[in-house]
Amino acid sequence: LPISCWLTMNATGTRLYTGNTMDNTIDVFDTTIATAPVFLQHVAVKQTTAGSGVTSLKFDPTGQFFYALSNSPTSSSLHVFNVNADGTLVENVNPLTLPVPSGNFPLGIATLQK
């Protein structure tokens, strides 16, 4: 079973997203009925380095894109997902390797609209 370490919700509060650090995955739940969440999706982020784990989650201001960081002992990557109409995620592009020194781990994601 995945161990959820990072949590975020969509702007309307109808979807819960969990970042599962230990297995480098994200789960999506329908929370329309808050007392009875429904599992929708378990998605593995594209692997960049062995031992990577999801560490941060964030939507862009439009809610159309979802971002996740994954960190390993030697590298960090930014993953970009398209958000489907039902709230599920699709990682259509390869992750971006972030230029951080080995052993350093970015935490947190900020988004803005230009």
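Residues numbered from 1 in each chain as written. Predicted model: local features only at pLDDT ≥ 70, side-chain atom pairs only at ≥ 80, totals over all residues. Heavy atoms only, no water.

**Student:** Before we go on, may I ask you to explain the side chain of asparagine 24 in this structure?
**Tutor:** Examined against the element boundaries, asparagine 24 turns out to sit in the loop between strand S2 (15–20) and strand S3 (25–30). Engagement of the side chain of asparagine 24 in a polar contact is seen with the backbone nitrogen of valine 54, the distance being 3.2 Å. Those residues within four positions of asparagine 24 in sequence are excluded, and the remaining contacts are Ala44, Val45, Gln47, Ser52, Gly53, Val54 and Ser70. (Helix = DSSP H or I, 4+ residues; strand = E, 2+ residues; numbered from the N terminus. Polar contact = N/O pair within 3.5 Å; in protein donor to acceptor, adjacent residues only side chain to side chain. Contact = heavy atoms within 4.5 Å.)

**Student:** It is not clear to me how the environment of alanine 110 should be interpreted in this structure. Could you clarify?
**Tutor:** Structurally, the position occupied by alanine 110 is in the segment after strand S9 (96–98). Measuring from C-alpha to C-alpha, the distance between alanine 110 and serine 75 comes to 20 Å, with 35 residues separating the pair along the chain.

**Student:** Would you mind going over the sheet that holds strand S4 (residues 38–44) with me for this structure?
**Tutor:** The pairing of strands in a sheet comes from backbone hydrogen bonds and takes either a parallel or an antiparallel form. Spatial ordering of the open sheet is given by S1-S2-S3-S4, a layout of four strands whose pairing is antiparallel. Here the strands that pair on one side only, and so sit at the sheet edges, are strand S1 (4–9) and S4. For this sheet, the mean angle separating the axes of adjacent strands, direction not counted, is 20°. For S2 and S3, the ladder comprises six bridges, and the chain directions are antiparallel. (Pairing = 2+ DSSP bridges. Axes fitted to C-alpha atoms, helices over the stretch in contact; angles between N-to-C directions.)

**Student:** Even after reading the chapter, I still don't get the side chain of aspartate 27, so can you show me in this structure?
**Tutor:** Residue placement: aspartate 27 occurs in strand S3. Arginine 15 is the oppositely charged side chain nearest to the buried, salt-bridge-free aspartate 27, at an N-O distance of 13 Å. In terms of polar contacts, aspartate 27 uses its side chain to reach the side chain of histidine 42, at 2.4 Å. (Buried < 20%, exposed > 50% of the residue type's maximum accessible area, 1.4 Å probe, protein only. Lys, Arg positive; Asp, Glu negative; His and termini not counted. Salt bridge = Lys/Arg side-chain N within 4 Å of Asp/Glu carboxyl O.)

**Student:** Is there a simple way to think about the pairing of strand S6 (residues 65–71) in this case?
**Tutor:** It is a general feature of regular strands that their side chains alternate between the two faces of the sheet. With six of seven residues buried, S6 lies mostly within the body of the structure. The sheet contact formed by strand S5 (residues 53–59) and S6 spans six bridges and is antiparallel. Within S6, the position partnered with glycine 53 by the bridge is asparagine 71. Linking S5 back to S6 in an antiparallel pair, the connection comprises five residues, with glycine 63 at a positive phi of about 80°.

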